[in-house]
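# Chain and residue survey
Chain residues, written in single-letter form:
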Amino acid sequence: MSAVETQSIKVTLPDGTVKQFDAPVTAYDVAADIGAGLAKAAIGAKVDGELRDLHRPIEADCDLAIVTKPRTDKKGLSKGDQLGGDPDALYLLRHSCAHVMAEAIQRIWPDALLAYGPPLDNGFYYDIALDTPISSDDFERIEAEMRKIVEEGRPFSRYDLDVESGMAALRDEGNKYKIDNAERAIEGGASSLSWYVTGPLTPAHSGGRALAEPEHWQDLCQGPHVPSTGVIDAFKVMSIASSHWHGDINSDRFQRVYGTAFFTQADLDKYLEQLEEAKQRDHRVVGQRLGLFAIDDKVGQGLILWKPKGAVVRDELQKFIMKHLVRQGYSQVFTPHIGKLDLYRTSGHFPYYADSQFPPMIDHEQMKALADEGCSCAQLSNLMKEGDIDGYMLKPMNCPHHIRIYASEKRSYRDLPIRLSEFGTVYRWEQSGELNGMTRVRSFTQDDAHLFVTEDQLGEEVNGCLELVKIVLSTLSLDDYRVRVGLRDPDGDKYVGESSQWDKAEAACIDAAKALGVPFSEEPGEAAFYGPKIDFVVKDVIGREWQIGTVQVDYQLPQRFELEYVGSDNQPHRPVMIHRAPFGSMERFIGVLIEHFNGRFPLWLSPEQVRVLPIKSDFTEYARKVETALKEVGLRAGVDTSGGHIKAQIKSAQEEQVPYMLVVGGRDADAGTVSVRERSQGDLGAMPLEAFVEAAGREVATQGGEVVSV
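The rules behind each value
- Residues numbered from 1 in each chain as written.
- Predicted model: local features only at pLDDT ≥ 70, side-chain atom pairs only at ≥ 80, totals over all residues.
- Heavy atoms only, no water.
- Pairing = 2+ DSSP bridges.
- Helix = DSSP H or I, 4+ residues; strand = E, 2+ residues; numbered from the N terminus.
- Axes fitted to C-alpha atoms, helices over the stretch in contact; angles between N-to-C directions.
- Contact = heavy atoms within 4.5 Å.
- Phe/Tyr/Trp six-rings, centres within 6.5 Å; stacked < 30°, edge-to-face > 60°.
- Buried < 20%, exposed > 50% of the residue type's maximum accessible area, 1.4 Å probe, protein only.
- Lys NZ or Arg CZ within 6 Å of the ring centre and 35° of its normal.
- Salt bridge = Lys/Arg side-chain N within 4 Å of Asp/Glu carboxyl O.
- Core = buried A, V, L, I, M, F, W, Y, C linked by side-chain atoms within 4.5 Å.
- Patch = residues over 30% accessible without salt bridge, like charges linked within 9 Å, V, L, I, M, F, W, Y side chains within 5 Å.
- Areas by Shrake-Rupley, 256 points an atom, 1.4 Å probe, with all protein chains shown as cover.
- Parallel < 35°, antiparallel > 145°, perpendicular 65-115°, else oblique.
- Left-handed = near helix turned anticlockwise from the far one by under 90°.
- Nonpolar A, V, L, I, M, F, W, Y, C, P; charged D, E, K, R; others polar.

Another point: the sheet that holds strand β31 (residues 660-664). Strand order in the open sheet formed by 5 strands is β30-β29-β31-β32-β33, with mixed pairing between adjacent strands. The open sheet terminates on both sides in strands that have one partner only, identified here as β30 (637-639) and β33 (682-688). With strand direction ignored, the average angle separating the axes of adjacent strands in the sheet is 25 degrees. Relative to β30, strand β29 (residues 610-614) is paired through 3 bridges, and the arrangement is parallel. Looking at the pairing, R611 lines up with G638 of β30. The strands touched by helix α20 (residues 646-655) are β29, β31 and β32 (673-678); relative to β29, the strand with the most contacts, the crossing angle is about 170 degrees. Running at roughly 120 degrees to β33, helix α22 (residues 689-701) makes contact with β29, β31, β32 and β33 of the sheet.

Below you can see the structure in the form of structure tokens.
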């Protein structure tokens, strides 16, 4: 190539079109080449899957997708599978808005030191070291300053420095938190450091001399960002909390300011409406009001006490899924709540995930002998991790126990598939700040199962597991969901096993996801350490997403535990293992259901399905006869014996979300009828008791497929 010859770069677009450009070229140049409309809407790009700035140079042949501002409907709402539109576009917007908020805060409080400011799924935050307390009364001031920055329409400009120059510039600036962030990046393999300036670059930036000049607002940041502050439209400062450097409560204390941003005001307004609705549906509030569960400090945080009404919901869900497990040929098993450390050493759960597990236990004799030798807690922990002494631990997973059940007998290919299921309780050590009612706990029960199959059976069995998840979601009216296939990260080091086995497992998961007929995404880096997985992400009635059921394919644990079956060739073979849990955690699933239904469970799940309301105490005897008739067919029924006015009785039943109320008086007693009220529809009129009993029983049997009508 001659000195004047220009390098040529090939760009492959999502539709397979290949375009060729002379270097240097940016994603914006590509968008402009395609069309003026695309260039106007463009705010970023994905280069070989990596989210990048729109104006950052492309240095080699690549796959390129342009990220644009979302289109809107007639109401001004962004189109897309989630509120606000494309997640990549929202990431760019919120990361950029975090910088705008940080600059606004430093304009108001010049002494504020910035630590860290990432985007989140629903917004962003910035950790700030500042002696002056920031309160909610300051939010309007911050937002007003942010609007000024947005109206200025300044570009987000990136520049890079080599490690030596960058560290020298940071030391001159004197922000120890940024120095620490940079050192961590360098330890992670960074060969340079990058900054983003909210404004045009100047010659001073190339030498890092602008870091201490306040007129050049900037932050150490890897990016990416939208092209300018003018792209930012609807935003709000949401809340403030305390945090600590590196999450260490003994370290420096920060003020963590949270915010959110959307491309349109309509999106922001809808999000705020959802938050308000979520407060009304909070499972911790609704669950307490309906008497479903309790959390008691004297028992321990993150440990759920199931009250009688909550136990009914849980038991009904278990009976519902057991019916399908029997149909699909599962065998139920029971395993202990603890296991030996060696079991979890073999599986890989200990000591690699020690921080998320309860501390191990050793027997009294060992403990006394070690104490007599003056063994410290740290020494004891090391001895356990190194395998020098054994002990027990609360099980973090059920799979090693099920594996040992499989290994307890000699297996033939004629026996496979073997499907073992258990409602097994497991234990995880969650940090106190991460606990959240029933959705993040320290003890939870999984509707767990493990299938041991041949490679030839793998595809069919994965499909059977997915069918089970679909039945669960459709029965419970969780019809709006997407599927996420978690694959290994080709550059990751957390995965175990041979590449060829991973290829087979990932292919099985992708093929099964395609067969579902619903949208799915392939997400590298989201696989478990032993295999790929298929997760169901459900959207509830107010638009929030929850990860519910999961199916995982595993070649590795059968290998670690040296599992075998005798094949048709009379030779030993290794089975493949499938992990699956349609509900996942029963605690988390029911917490989600409480909020999804706002406590208004369908009839078959309701703790109390029917309440009989006598108009006067004179009709209590007939009310008891009605109750008996209901209970004889398995309906959960009760009688209001408070003696209160009928309006008060109805109000009480409504507040407790009882699906049906049967008002009875003298004429009902004489005619053998009941006056039916439904909690949402109100008065349905009178009908013969036998007819109501038959209709309600049918509604329960069909799990809402038919409802009572007069």
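Here the focus is the packing of aromatic side chains. Per the stated rule, a full pass over the model turns up 13 aromatic pairs. Taken together, a centroid distance of 4.9 Å and an interplanar angle of 85 degrees make the contact between Y177 and W245 edge-to-face. Here the residue Y177 occupies a position in helix α6 (residues 176-187), and W245 occupies one in the loop between β13 (234-244) and β14 (253-262), the gap between them amounting to 68 residues. Comparing Y177 with W245, the two get one shared label, buried. A network of ring pairs unites the aromatic residues Y116, Y125 and Y258 as a single cluster. Positioned over the ring face of F262 is R94, at 4.7 Å from the centre of the ring. Taking the ring centre of W429 as reference, the NZ or CZ of R442 above it sits at 3.9 Å.

Taking strand neighbours across the sheet as the criterion, the 8 strands line up as β17-β20-β21-β28-β25-β24-β22-β23 in an open arrangement whose pairing is mixed. Among the strands making up the open sheet, the edge pair consists of β17 (331-332) and β23 (520-524). When strand β22 (residues 481-487) meets strand β24 (residues 533-539), the two strands line up antiparallel, connected through 6 bridges. Along β24, the bridge assignment pairs V485 with I534. The sheet strands contacting helix α16 (residues 499-516) are β22, β23, β24 and β25 (545-554), and the helix crosses β22 at an angle near 170 degrees.

Evaluated as defined, the whole model comprises 42 salt bridges. Here D252 ties to K176 by a salt bridge, and the two come within 2.8 Å at their closest N and O atoms. Placement of the pair is D252 in the loop between β13 and β14 and K176 in helix α6, with a sequence separation of 76 residues. Under the relative-accessibility criterion, K176 is labelled partly exposed at 40%. Between E409 and R411 there is a salt bridge, with its nearest N and O atoms 3.6 Å apart. For R411, a relative accessible area of 11% gives the class buried. Three or more residues are tied together by salt bridges with common partners; here these are E103, R107, E145, K148, E152 and R154.

Okay, the nonpolar core next. Generally speaking, a soluble globular protein has its nonpolar side chains buried in company with each other. Core analysis: the largest hydrophobic core is formed by 62 residues, its most contacted members being L317 and L476. Per-element accounting of this core gives the leading share, 9 residues, to helix α15 (residues 458-475). In this structure L317 touches L476, F583, M586, F589, I590, L593, W604 and L605, once residues within four positions along its chain are discounted. Membership of the second largest hydrophobic core comes to 45 residues, among which are A89, F124, M146 and L268.

For the bond from A23 to P24, the omega torsion is 0 degrees, close enough to zero to count as cis. Looking at the secondary structure, you find P24 in the loop between β2 (18-22) and β3 (25-26). Residue P417 follows L416 across a cis peptide bond; omega there is 5 degrees. Locating P417 in the fold gives a position in the loop between α14 (399-407) and β20 (418-427). A positive phi angle is found at E562, which is not glycine, with a value near 55 degrees. Locating E562 in the fold gives a position in the loop between α17 (556-560) and β26 (565-566). A positive phi angle, close to 55 degrees, is found at N598, a residue other than glycine. Among the structural elements, N598 can be located in the loop between α18 (586-597) and β29.

What follows covers a nonpolar patch on the surface. Where nonpolar side chains cluster on the molecular surface, the patch consists of I338, M361 and Y392 and spans about 250 Å² of accessible area. For M361, the position within the fold is in the loop between α11 (341-347) and α12 (364-372). Owing to a relative accessible area of 36%, M361 belongs among the partly exposed residues under this scheme.

Further remarks concern the packing of α15 against α16. Interaxial distance between α15 and α16 falls to 10 Å at its minimum, and their mutual angle equals 45 degrees. By the angle between their directions, the pair α15 and α16 is classed as oblique. Our pair here, α15 against α16, has a crossing hand that is right-handed. Between α15, through L458, V462, N463, L466 and K470, and α16, the contact on the second element is made entirely by A508, A512, A513, A515 and L516. The class makeup of the residues in the contact of α15 with α16 is 8 nonpolar, 1 polar and 1 charged.

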